[in-house]
Structure formats: structure tokens, C-alpha cells
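Commentary on secondary and tertiary structure
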Amino acid sequence: MAEEENKMGYAPQTKETPDINMSFRLALTVVLLAATLSGCASFKEVRAFASLAANAVNDETLTRDYIGALDRRKQYQPSKFHSELEAQKLRRETQRASMDLLQQMMTDYMQSVGGLASGEIRTYDKSLGDLSASLNKATLLDSSEKEAVGAISAILSRAVTAAYRLHELQKLIGEGNQPLQDVINATRKIAKKGIVADLQVESNLVERYYDNFMFAPDNPAEPVAMALAREARVEALGRVDSGIRNIQSYDAVLEKIFEGHQYLYDHRDMIGSADFNRQLKSHSDELRTAYRNLLDISR
């Protein structure tokens, strides 16, 4: 029988000659398993950066204290100015609505990047009506900044999360980089030109209030009252200064996210390589340091 098979051109099956199909299937399984394991490992730094960024940008305490400061300022200004303080409080509420929207979009985007990197996919379920309502409240944003918010929302809504995680991750980063950078810049503008500037005005008001009290020509020399006034002045100025440093530290966090995501965008074709992970880790370390500094100041 074996001789007949040889004459017909077939190789006999022996213990020393494994089945070719079986060998191919085994090799393919090993390759796919290795690719899966290496793929999970290669996304580690992307996942770490995205998770850290999502946590760092979402800080509502900044605007909450910023608005509450106007109630404190009433003690430094005569009652005739209190109506103006209430008007300023309403304006700051609009800043808060804008900041809240920008922070939420940055958080949603980073969570989507992290979800693709980890395989734990989140469904972006924000409705068009919800976004429209939020944009109407965000009166400080100009048309281009609102377009950036809408662009991120659209990108997240159509993001596909099937088997091709690397492809979708590269696509999301490629499409999301410019609108994300625009949103970050809009947030930094409100923080530096709006919130910090207002807090510096508050600092000047506090100084003038206590200086007028302590150095008024007809003010009687009362050591105890003067000591209490100096103590209150230092405490009030320290509180305002803490608010300014808080916002400045938050701005530093946004700057590190900006730089880190720009690296992701510029090197998205290298995601998975050892050099890419090493460089991205350095960006994550810088962001982590900036975030810790923010947390230390805000305590």
C-alpha cells in the first residue's frame, strides 16, 4: 500500500512526519497569541497617560472657589458696590459653564483614548440636544472654540471599537488632536486671562481695604486691633494667592496634556514600539508631577 502511494506521488504519514495542516494551525495560534499579548503590553503607556489626563483635567473646585470669592469680597467693599459684585457673580457663572463644558469634553476624549488602549470600551452616549444646551450656556466660547467641542463630540460618537484597536486608536488620535488642542487652549485662556486676572483684582481690593483701615490718619492707635487687622490681611491675601497658584498649577497640567497628546499625534504610527512607550512615559511622568503639585496646592 505504501509502495502504491509512493508511486502516485503521496508522502507516507509516519510518526516522524507531522500533519502539515496541524503544524500550520499551531504556528498560527502561537503567532496570534503573541500578537495579542504584545498588543496589550504596547498600549500600557497610552492607557496610563490617558487615565492620568482624564483625572487631572476634571477639577470643578477651581471654578467653585472662584465664584464663592465674590461673597467674600463684600466685606472689603461698601454696600453700594454689592450689586456690582452680584453682577460679577453672574458673569463668573458663565465662565463656570464654559469651563465645565471644556473640562467634560477633555475628560470624555481622554477616557475614549484610554478605553481603546485598555479594551474596556466606553460608549459615548451624549445626545446632540445635551451638547447644544451646554454650548448655549458656554457664552465665553467663540465660534471656533465651539466648533472644536462639536468636533470632539462627533469623533467620539462615531469611534469604532471592534477588533482593530490599534487602527482605531491611531484614527481617534489623528482626528482628535487639533480639536483637543483647541479645547485645551480655550480652557487655558479662561483660566489665565479670566480667572487669574479677576483674582489679581481681588488681591488689590483686599490690600486697599486693610491699608485704608490700618493707615487712616484719624485711626486711633490700638495695638490689639492693628494686630488683628494685620493677621486678617495676611489670611485674606493668602487665600487669594492660593487661588491664583491653584489656577496656574492647573494651567501647567493642561500644558503637559497638550504636549503629551501632541507627541501621541506626531508618533501615532509608532504606537506599540519600545521607543514610543519610553518617550510617552516621560510625558506621563511630567504630567503626574504637575498634577501632584496641583493637588498639593488645592489641599
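Our subject in this report is the structure included herewith.

Here we take up the overall build of the protein chain. Scanning the protein chain from N- to C-terminus turns up 10 helices and zero strands. Taken from the N to the C terminus, the helices and strands of the protein chain come in the order α-α-α-α-α-α-α-α-α-α. For the protein chain, the proportion of its 299 residues judged to be buried stands at 38%. Look at the contacts in the protein chain between residues 6 or more apart in sequence, and 79% of them connect residues 24 or more apart. For the protein chain, the exposed area adds up to about 16800 Å²; of that, 54% sits on carbon and sulfur atoms.

What follows is about the packing of helix α5 (residues 82-118) against helix α9 (residues 223-266). Interaxial distance between α5 and α9 falls to 14 Å at its minimum, and their mutual angle equals 35 degrees. Crossing geometry of α5 relative to α9 is assigned as left-handed. Contacts from Met99, Gln103, Met106, Tyr109 and Met110 in α5 reach Tyr250, Leu254, Ile257 and His261 in α9. Here the contact of α5 with α9 is composed, by residue class, of seven nonpolar, two polar and no charged.

The next thing to look at is the nonpolar core. Formed by 58 residues in total, the largest nonpolar core has its most connected members in Val46, Tyr109 and Val149. Top contributing element to this core by residue count: helix α8 (residues 165-214), with 12 residues.

Let's shift gears to the environment of Lys189. As for its placement among the helices and strands, Lys189 is situated in helix α8. Between the C-alpha atom of Lys189 and that of Asp251, which follows or precedes it by 62 residues, the distance is 9.2 Å. Ignoring sequence-local partners within four residues, the contact set of Lys189 consists of Asp142, Glu145 and Gly194.

Inspection of every chain in the model, using the stated rule, returns two aromatic pairs. Ring geometry for Tyr209 versus Tyr210: centroids 4.9 Å apart, planes at 85 degrees, classification edge-to-face. Here Tyr209 falls in the partly exposed class, since its relative accessible area comes to 33%. For the pair Tyr263 and Phe276, a centre-to-centre distance of 5.5 Å together with 25 degrees between the ring planes defines the contact as stacked. Residue Tyr263 is located in helix α9, and its partner Phe276 is located in helix α10 (residues 274-298); the two are separated by 13 residues in the primary sequence. Judged by its relative accessible area of 0%, Phe276 falls in the buried class.

How each quantity is defined
Residues numbered from 1 in each chain as written. Predicted model: local features only at pLDDT ≥ 70, side-chain atom pairs only at ≥ 80, totals over all residues. Heavy atoms only, no water. Helix = DSSP H or I, 4+ residues; strand = E, 2+ residues; numbered from the N terminus. Buried < 20%, exposed > 50% of the residue type's maximum accessible area, 1.4 Å probe, protein only. Contact = heavy atoms within 4.5 Å. Areas by Shrake-Rupley, 256 points an atom, 1.4 Å probe, with all protein chains shown as cover. Axes fitted to C-alpha atoms, helices over the stretch in contact; angles between N-to-C directions. Left-handed = near helix turned anticlockwise from the far one by under 90°. Nonpolar A, V, L, I, M, F, W, Y, C, P; charged D, E, K, R; others polar. Core = buried A, V, L, I, M, F, W, Y, C linked by side-chain atoms within 4.5 Å. Phe/Tyr/Trp six-rings, centres within 6.5 Å; stacked < 30°, edge-to-face > 60°.

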